[in-house]
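Observations on the three-dimensional arrangement
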Amino acid sequence: MGLPEKEILEKVYGESSKSMERFKRLRKKFEENFGHAECEFFSAPGRSEIIGNHTDHNGGKIIAASINMDTVCAASANGISSVHVISEGYEEEIVIDLEHLERIPKGSGTKALLAGLMEGALKRGFHAGGFDAYVSTEVIPAAGVSSSASFEMLICAVINGLFNENIMACTDYARIGQYAENIYWEKASGLMDQMACAAGGAVLLDFSDKERIKYENVPLSFHEMGYGFFIINTGKGHADLSGEYSTIPEEMAEAAETLGVERLCESDEDTLLKHLERIKNDRAVLRAIHFYEENERVEKAAESIREKDAETLLGLINESGRSSWELLQNCWSMRDPKEQKITRMLALTELFLKKIGDGACRVHGGGFAGVIMCLVPLKYAEDYRSYISQYAGEENIYSISVRNMGALQLRNSDPMN
């Protein structure tokens, strides 16, 4: 296929000049590495969690959105039983043999993740064959915008476009991505990251039904509401945080078990309060309270988005951030409580927002280290950027917008949403 048409690029990126040059370079890199220029083009965005922090694994609700940073690739079927992936900036080519996926060590980084995606697609009854792909990304790594899920959904789009005539749904993508992370990457992932990257736009997600992911699009544009949307990378923590991430679903499940259910969504806050003394882990209690209160906030936030009520929405986002800080307790690492980059940046941001009397901020994503989000009135956006750059560095301030298209093949016809 030729390069994507300008009309398609306009739909996905809101412009066609800069993105066209990007795909021209991508095709050139593909040809240099694989010896031919016949390829298809694919894109998958990163994601932002707007509200609903750490609730998906217990059947909760979340509003998340695809964002204007994406991972792209040029790819083509190679007619053999192996997958070859080259990522820009990395010298090593990743090769997996589809006939011997069981030989790939679990937890072995991107290679294991890729193997899990291929096996996950096959286990869900889809076709999967060998292909060559050259990948490039604008999604910030280790910064809470799901660079891994963006890659996963990109590969799902490749599998869908090259081998399944684009019949797979975004929910299939998410399940395949979760399978790869759980089984091959050995990470206790939920489905929020994958669904947000796959579906496109802002989505209200409900994970209460284990068999079926409930979701609906909500018409969110912070710019239209009059606010600039920033993500600030506070710096990666020095500790391995995977254990701390895992304690959140584990402790919520601990509280749920005391209530006689598997997940907190199967009970309610009143029942929790009646059985409070039976739960000996105080932090599990606090995290369970966060779950129930956060679910209510998500519902109210969805309604405020539909009604274009920015004041209510920002108030709920601030409440969510405070709950993550105080109840969920995922804004710093217990391994090194003296290192508190997230809470430090939140405190500094709150000083600015208090001074102007408007805006919202909260931890963004998994927490413990990494990223915060901030919403600032457009007239103060550059003032905030200048202010917070003193503490975070200009290179760590990212202006974000919601992207309406999810993971897709950039075909010369109407793109799949």
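The structure we're discussing is the one just above.
This report concerns the structure included in the present document. Because the structure is predicted, anything quoted here is derived from the model rather than measured. (Residues numbered from 1 in each chain as written. Predicted model: local features only at pLDDT ≥ 70, side-chain atom pairs only at ≥ 80, totals over all residues. Heavy atoms only, no water.)

Before going further, it helps to spend a moment on the overall build of the protein. Helix and strand counts for the protein come out as 13 helices and twelve strands. Compactness check: the protein gives a C-alpha radius of gyration of 21 Å against a globular reference of 22 Å for 417 residues, within 12% of the reference. Taken across its 417 residues, the protein has 58% of its residues classed as buried. Contacts in the protein between residues far apart in sequence, at least 24 positions, make up 72% of those at least 6 positions apart. (Helix = DSSP H or I, 4+ residues; strand = E, 2+ residues; numbered from the N terminus. Rg over C-alpha atoms; globule rule 2.2 N^0.38 Å. Buried < 20%, exposed > 50% of the residue type's maximum accessible area, 1.4 Å probe, protein only. Contact = heavy atoms within 4.5 Å.)

As a further point, take unusual backbone geometry. Phi is positive for E165, close to 55°, though the residue is something other than glycine. Relative to the assigned elements, E165 resides in the loop between α4 (147–163) and α5 (170–184). Residue classification places E165 among the exposed positions, given a relative accessible area of 72%. Backbone geometry places F368, a non-glycine residue, at a positive phi of 70°.

In this fold, K341 is placed in helix α12 (residues 341–356). Distance from K341 to V371, taken between C-alpha atoms, is 8.9 Å for residues 30 residues apart in sequence. Here the side chain of K341 touches E339 through a polar contact of 2.6 Å, side chain to side chain. (Polar contact = N/O pair within 3.5 Å; in protein donor to acceptor, adjacent residues only side chain to side chain.)

A few words on the environment of E266. As for its placement among the helices and strands, E266 is situated in the loop between α8 (242–258) and α9 (269–274). Since its relative accessible area comes to 39%, E266 is described here as partly exposed. For E266 and A256, which are ten residues apart along the polypeptide, the C-alpha to C-alpha distance reads 8.2 Å. Only 3.1 Å separates the side chain of E266 from the backbone nitrogen of E262, close enough to count as a polar contact.

What follows concerns the pairing of strand β4 (residues 94–97). Of the two faces of β4, the one holding I94 and I96 is buried and the one holding V95 and D97 is not buried anywhere. With four bridges connecting them, strand β3 (residues 82–87) and β4 associate as antiparallel partners. Opposite V85, over in β4, you have I94 as the bridge partner. Counting the residues between successive antiparallel strands, the hairpin from β3 to β4 contains six residues, one of them, G89, with a positive phi of roughly 95°. (Pairing = 2+ DSSP bridges.)

Orientation of helix α1 (residues 6–13) relative to helix α2 (residues 17–34), taken along the N-to-C sense of each, is 110°, at an axis distance of 9 Å. On the basis of their axis angle, the class for α1 and α2 is roughly perpendicular. Note that α1 runs across α2; the crossing there is right-handed. Residue-level inspection shows K6, L9 and Y13 of α1 in contact with α2, the latter providing S19, M20, R22 and F23. (Axes fitted to C-alpha atoms, helices over the stretch in contact; angles between N-to-C directions. Parallel < 35°, antiparallel > 145°, perpendicular 65-115°, else oblique. Left-handed = near helix turned anticlockwise from the far one by under 90°.)

Let's shift gears to α5. Side chains three or four residues apart in an α-helix point the same way, a direct result of the helix having 3.6 residues per turn. Counted at 1.5 Å a residue, the expected span for α5 with its 15 residues is 21 Å, and the 21 Å between its end C-alpha atoms agrees. Counting buried positions along α5 yields eleven of 15 residues, so the element is predominantly enclosed. Along α5, the residues that are buried comprise C170, D172, Y173, A174, R175, I176, G177, Q178, A180, E181 and Y184. Summarising the contacts, the buried residues of α5 are in contact with α3 (109–123), α4, α6 (192–199) and β7 (214–218). (Expected span 1.5 Å × (residues − 1).)

Right, let's get into the packing of α8 against helix α10 (residues 282–306). At a minimum axis distance of 8 Å, the contact between α8 and α10 shows a crossing angle of 90°. On the basis of the axis angle, α8 is roughly perpendicular to α10. Between α8 and α10, the residues in contact are T247, I248, E251, M252, E254 and A255 and R283, A284, R287, A288, H290 and F291, respectively. Residue composition of the contact of α8 with α10, grouped by class: six nonpolar, two polar and four charged. (Nonpolar A, V, L, I, M, F, W, Y, C, P; charged D, E, K, R; others polar.)

Right, let's talk about the packing of aromatic side chains for a bit. Per the counting criterion, the structure on display carries eleven aromatic pairs. Ring centres of F23 and F41 lie 5.6 Å apart, and the angle between their planes is 80°; on these two criteria the pair is classed as edge-to-face. Within this pair, whereas F23 is found in helix α2, its partner F41 is found in strand β1 (residues 40–51), the two being separated by 18 residues in sequence. Exposure remark for F41: the relative accessible area of 0% places this residue in the buried category. Arranged with centres 6.5 Å apart and planes meeting at 45°, the rings of F131 and F163 form a pair that is tilted. In this pair, F131 is assigned in strand β5 (residues 131–137) and F163 in helix α4, connecting sequence segments 32 residues apart. Across the ring face of Y184, the terminal group of K106 is positioned such that the distance to the ring centre comes to 4.5 Å. (Phe/Tyr/Trp six-rings, centres within 6.5 Å; stacked < 30°, edge-to-face > 60°. Lys NZ or Arg CZ within 6 Å of the ring centre and 35° of its normal.)

Next up on the list: the sheet that holds strand β9 (residues 360–363). In space, the four strands of this open sheet follow the order β9-β10-β8-β11, with antiparallel pairing throughout. Lying at the two open borders of the sheet, with one neighbouring strand each, are β9 and β11 (397–399). Along the sheet, successive strands turn relative to each other by an average axial angle of 20°, direction set aside. Sheet topology places β9 next to strand β10 (residues 370–377); four bridges connect them, and they run antiparallel. By the bridge assignment, V363 is partnered in β10 with I372. Most of the contacts of α12 go to β10, to which it runs at about 5°, and overall it touches β8 (227–235), β9 and β10.

Let us now look at helix α13 (residues 381–392). Its twelve residues place the ends of α13 16 Å apart at the C-alpha level, agreeing with the 16 Å of an ideal helix rising 1.5 Å per residue. Taken residue by residue, α13 has A381, Y384, R385, Y387, I388, S389 and A392 as its buried positions. As for α13, its buried residues are in contact with β8, α12, β10 and β11. Once α13 ends, the next one or two residues include G393, with phi positive near 90°.

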